[in-house]
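Listed below, chain by chain, are the residues.
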Amino acid sequence: DTAVSQTPKYLVTQMGNDKSIKCEQNLGHDTMYWYKQDSKKFLKIMFSYNNKELIINETVPNRFSPKSPDKAHLNLHINSLELGDSAVYFCASSRIIGRDYGYTFGSGTRLTVV
Amino acid sequence: KNEVEQSPQNLTAQEGEFITINCSYSVGISALHWLQQHPGGGIVSLFMLSSGKKKHGRLIATINIQEKHSSLHITASHPRDSAVYICAASNSGYALNFGKGTSLLVTP
């Protein structure tokens, strides 16, 4: 039943490791996003994909690599994790890019780098 | 880049009070979103507005395009309304540009 599901919900890892966060939506939406929420709870766009195609890459270090195998999935892979990567990462989806529709957010993945 | 400002940053109210949260943005937008985030929780979309006013239960959202300003009102506030309320500006769905949020605490 979950519309946008992210896994894992919590991720604790050491500096230098590589980790992935998965996101899946069952809403039939064409557009998916990754947003980062920092320690001050401020949300910022990282990436947006429309039908598997990268649309926005918002000044994110190239250690972050999104991958969209199909329009229902958008995964986030992070190489060489740093302390500053600790944050909550939210996946979201919307019907289609270029027009305004409501957003559906996942429940977030809390990443802690130690 | 669209600067989105929210006020107040923090708000404490007594149960039953009428609450207003304000949002202003610097450049034209295609839509303005209001979102709610409970502590430790996910983000829920409350409203998407491109003009006028929308109402859902005790929540009302308004937007003034000319003044680049939107407000979220909560009538007859209740402790379960305690959450962070975030406004976000949309550029035709390409991405949301967020305000810093308003942390609301409603006490019994």
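Residues numbered from 1 in each chain as written. Chains lettered and ligands numbered in written order. Predicted model: local features only at pLDDT ≥ 70, side-chain atom pairs only at ≥ 80, totals over all residues. Heavy atoms only, no water.

Caption draft 1: Structural detail: the packing of aromatic side chains. Taken as a whole and assessed by the stated rule, the structure comprises six aromatic pairs over all chains. Considering the side-chain rings of A:Tyr33 and A:Tyr103, the 5.0 Å spacing of their centres and the 35° angle between planes classify their relative orientation as tilted. In this pair, A:Tyr33 sits in strand E4 (residues 31–37) while A:Tyr103 sits in strand E10 (residues 103–105), placing the two residues 70 residues apart along the sequence. Each member of the pair, A:Tyr33 as well as A:Tyr103, carries the same accessibility label: buried. Between the aromatic rings of A:Tyr35 and B:Phe98, the centroid separation amounts to 5.2 Å while the plane-to-plane angle is 90°, which identifies the pairing as edge-to-face. With one member in each of two chains, A:Tyr35 in strand E4 and B:Phe98 in strand E10 (residues 96–98) form a pair that bridges those chains. What makes A:Tyr35 buried here is its relative accessible area of 0%. A residue is classified by how much of its surface remains accessible, and B:Phe98, at 3% relative accessible area, is buried. Put simply, the rings of A:Tyr33, A:Tyr35, A:Tyr103, A:Phe105 and B:Phe98 touch in pairs and so form one group of aromatic residues. (Phe/Tyr/Trp six-rings, centres within 6.5 Å; stacked < 30°, edge-to-face > 60°. Helix = DSSP H or I, 4+ residues; strand = E, 2+ residues; numbered from the N terminus. Buried < 20%, exposed > 50% of the residue type's maximum accessible area, 1.4 Å probe, protein only.)

Caption draft 2: Main features of the interface of chain B and chain A. Listed by partner, the interface residues are 21 residues for chain B and 21 residues for chain A. Carbon and sulfur atoms make up 62% of the area that chain B and chain A hide from each other, which totals about 1,800 Å². Where chain B packs against chain A, one counts zero salt bridges. Listed by contribution, the elements that provide at least two residues to the side of chain B that touches chain A are strand E4 (31–37), strand E5 (43–49), strand E9 (83–90) and E10 of chain B. Considering every element that reaches the side of chain B that touches chain A, the biggest residue donor is E4(B), with four residues. For the side of chain B that touches chain A, a count of residues per class yields nine nonpolar, 10 polar and two charged. (Contact = heavy atoms within 4.5 Å. Buried area = accessible area lost by both parts, 1.4 Å probe. Salt bridge = Lys/Arg side-chain N within 4 Å of Asp/Glu carboxyl O. Nonpolar A, V, L, I, M, F, W, Y, C, P; charged D, E, K, R; others polar.)

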